[in-house]
Amino acid sequence: MPEPILRLAGVHTNIQRYHILQGVDLEVPRGGVTMLLGRNGVGKTTTLRTIVGLWRAHRGNLTYDGADITRLPTPAIARAGIGFVPEDMGIFADLTVEENMRLAAVSGDIDTARLDWLFTIFPPLKTFWSGAAGNLSGGQKQMLSIARAMVEERRLYLIDEPTKGLAPAIVATLLRALRDLKDQGASILLVEQNFAVARALGDTCAVMDDGRIIWAGAMADLAADAGLQERLIGLSMEAA
Amino acid sequence: MTAAPDHTPTMERLTLAQQIEPWIPALLVPALIVLGFIAIPAQSSWLTLTVSGLAMGMMIFIMASGLTVVFGLMDVINFGHGAFVSVGAFVGVTVLLLLPQLTGAPSLLANLLALVLAIAGAVVATALMGWGFERVIVMPVYGAHLKQILVTMGGLIIAEQLILVIWGPDEIFLTRPETLKGAVTFMGAAIEKYRLVAVAFGLVLFAAMIWVLRSTRIGLIVRAGVENGEMVEALGYRLRVVFVLVFVAGSALAGLGGVMWALYQEVVTAHMGQEILILVFIVVIIGGLGSVEGCFIGALLVGLLQNYVAFLEPKLALVSNIGLMMIILLWRPQGMMPVVKAK
């Protein structure tokens, strides 16, 4: 069994006086998609933000690719090869699409072959390349947010609810993009509320409740057991 | 791989009002100049006041530009900014007083060399001071506005007292370099040479700042950081380091503005930074926090209005810019060209 690319051991995170993560134990295997599921407000977003250091773990350890990143600042974590797509997409509205992409290429210029590949997946980015990102539609912003994370090769992607509020055609495109990333050998930790998306994409799965992981295993096992789904996730999930 | 659905956007024909709308703040400057032309009876007086107002505006812009970016980038309210203006002025004037052979020579080259050396001295001194100020005074109070106001105000008071200790309690009078003295006559108006130099210098500096912000990587990081600093860090950039650089550059610009202001007023006092700080804050607020372009337009409006009103109705000169701020904030509560902040 290869070493997981990311391991959280007993992670606690407080936001002011709220104790959000209450001992999260999570492993993200290399080269697969791990779905992080759970009701609203159980700590999924906090988990991602704690991994990238935007909120600090008060207790516990985070190990990425064998190295302890618990106390590393956010920029160092990002430069270690972790791409982050936040729930609010984090688009720079006053910057153009091009400037958003150039900013994400932290090592220098954008690789043109990779950019062409991204344009084939997300043609609207080419159409609006010189326009202000703030003028894009919701779906186009999400495309930009994910393309920005993909503009350079990363080993691990943390993606927070990318399909929220998007039309089925856009969701299908995002799914294919993420599957393509997986095929290239990247590891993905994906927070998702849409169980159909989770089932279509996930290899492994972790379910959160009250700031803890309450179940972890193969996505196929969860997808095949309606009773387990009902017990772990309840009715807040969208219908498959 | 199937591509995302694409579509060609349908472009509506914009009405004239919609086409003009983004340019309204920039149009306010020529509009005010035209208003001044109508209100001021003598054309020569109007021309003199206009150049004077533009020169004043350029100098206020130089002093305010750093402050607006510092606020936009790290949400830091720095009331100590005036200290850099005062220290820059004193250092610059000291350099000028040490170079009488250059300032007194009837040679433009020698005079400009003296000016460059004075500016260089002021910029280096205030940049170093800015670095220390950020490390010692600002860094411990990130995210706490009330503490920032109190502690940076304290820093300003300490800096003023240190000026009194080093340079003494008396104000220092100075004369401009030989070739920058006097005025040129144009269309019957006497226009001071130094004001023309200040206008030209301000324009060059504004263009340079816009070039840095629009065309360089550090500019891109700063603009993104003003909008959403957290995301910039998540992309891999150390925003704290960028902020220190911006703070140091902003302090140096304030010092530069201080030298120019000293030569404009031909006198320096320990409190000059504090006095100009009111106008600097008005400019930052009406421009839109974090916006260099808004700051530039705001500074020109403040400079022009101050000069026109002081000529037409001297008693109203002091309140004219407060009135301008009120009107602009009633029209655009976030300032003329606010930077979109991430929620």
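The sections below set out a description of the structure shown in this document. Within any chain, residue numbers begin from 1 and follow the written order of that chain's sequence. Chains and ligands are labelled by the order in which they are written, letters from A for the one and numbers from 1 for the other. Owing to the predicted nature of the model, reporting of local features is limited to residues with pLDDT of at least 70; listing and counting of side-chain atom pairs is limited to 80 or more, with chain, interface and lining totals taken over all residues.

## Some points on the overall build of chain B
Part 1 of the reasoning: Helix and strand content of chain B: 13 helices and four strands.
Part 2 of the reasoning: Against the globule reference of 20 Å for 343 residues, chain B gives a C-alpha radius of gyration of 21 Å, in line with a compact fold.
Part 3 of the reasoning: Its C-alpha atoms put chain B at 75 × 50 × 40 Å along the principal axes.
Part 4 of the reasoning: Working definition of burial: number of other C-beta atoms within 10 Å of the residue's own, with buried at 20 or more, exposed at 12 or fewer, and partly exposed in between, all C-beta atoms being placed from the backbone. By the burial criterion, 50% of the 343 residues in chain B qualify as buried.
Part 5 of the reasoning: The contacts in chain B between residues at least 6 apart in sequence include a share of 79% that link residues at least 24 apart. Secondary structure is summarised from DSSP: a helix means a run of H or I of at least four residues, a strand means a run of E of at least two, and numbering begins at the N terminus for each. C-alpha atoms define the radius of gyration in this analysis, and the globule rule sets the expected value at 2.2 Å times the number of residues to the power 0.38. Throughout, a pair of residues is in contact if the C-beta atoms placed from their backbones lie within 7 Å.

## Points about the interface of chain A and chain B
Often the size quoted for an interface is simply the accessible area lost on bringing the parts together.
Part 1 of the reasoning: The interface of chain A with chain B comprises 31 residues on the first partner and 23 residues on the second.
Part 2 of the reasoning: Broken down by secondary-structure element, the contributors of at least two residues to the side of chain A that touches chain B are α2 (74-79), α3 (97-104), α4 (112-121), α5 (123-127) and α7 (168-183) of chain A.
Part 3 of the reasoning: Top element by residues in the side of chain A that touches chain B is α7 of chain A. It accounts for five residues.
Part 4 of the reasoning: The nonpolar class holds Ala, Val, Leu, Ile, Met, Phe, Trp, Tyr, Cys and Pro. Asp, Glu, Lys and Arg form the charged class, and all remaining residues, Gly among them, are polar. Broken down by class, the residue content of the side of chain A that touches chain B amounts to 18 nonpolar, six polar and seven charged.

## Quick notes on unusual backbone geometry
Part 1 of the reasoning: Within the chain, Met-89 of chain A stands out as a residue other than glycine whose phi angle is a positive 75°.
Part 2 of the reasoning: Along the chain, Met-89 of chain A turns up in the loop between β6 (82-85) and α3.

## Things to note about the packing of helix α12 (residues 292-312) of chain B against helix α13 (residues 317-331) of chain B
Residue and element names in this part refer to chain B.
Part 1 of the reasoning: Contact geometry for α12 and α13: axes closest at 9 Å, N-to-C directions at 140°. Here α12 runs over α13; the crossing is right-handed. Each of Leu-301, Val-302, Leu-305, Gln-306, Val-309 and Ala-310 in α12 lies in contact with α13, whose residues at this interface are Ala-317, Ser-320, Asn-321 and Leu-324.
Part 2 of the reasoning: Class assignment for the residues of the contact of α12 with α13 results in seven nonpolar, three polar and no charged. Lines fitted to C-alpha atoms define the axes here, with helix axes fitted over just the stretch in contact, and angles between the N-to-C directions of these axes take values from 0 to 180 degrees. When the near helix sits turned anticlockwise from the far one by under a right angle, the crossing is termed left-handed; a clockwise turn instead gives a right-handed crossing.

## Quick look at the environment of Pro-100 of chain B
All names here are of chain B.
Part 1 of the reasoning: Along the chain, the position of Pro-100 falls in helix α5 (residues 100-103).
Part 2 of the reasoning: A residue is classified by how many C-beta atoms lie within 10 Å of it, and Pro-100, with 10 of them, is exposed.
Part 3 of the reasoning: Along the primary structure Pro-100 and Asn-111 are separated by eleven residues, whereas in three dimensions their C-alpha atoms are 9.7 Å apart.

## Some details on the sheet that holds strand β9 (residues 204-209) of chain A
Residue and element names in this part refer to chain A.
Part 1 of the reasoning: Pairing is mixed across the open sheet formed by six strands, whose spatial order is β6-β7-β8-β3-β9-β10. The open sheet is flanked by β6 and β10 (212-218), the only strands paired with a single partner. Adjacent strand axes in the sheet meet at a mean angle of 15° when their direction is disregarded.
Part 2 of the reasoning: Any two strands with at least two DSSP-identified bridges between them are counted as paired. Direction of pairing for strand β3 (residues 33-38) relative to strand β8 (residues 187-191): parallel, over a ladder of four bridges. Residue pairing across strands places Leu-36 opposite Val-191, the latter belonging to β8.

On their own, these measurements won't tell you what the molecule is for.
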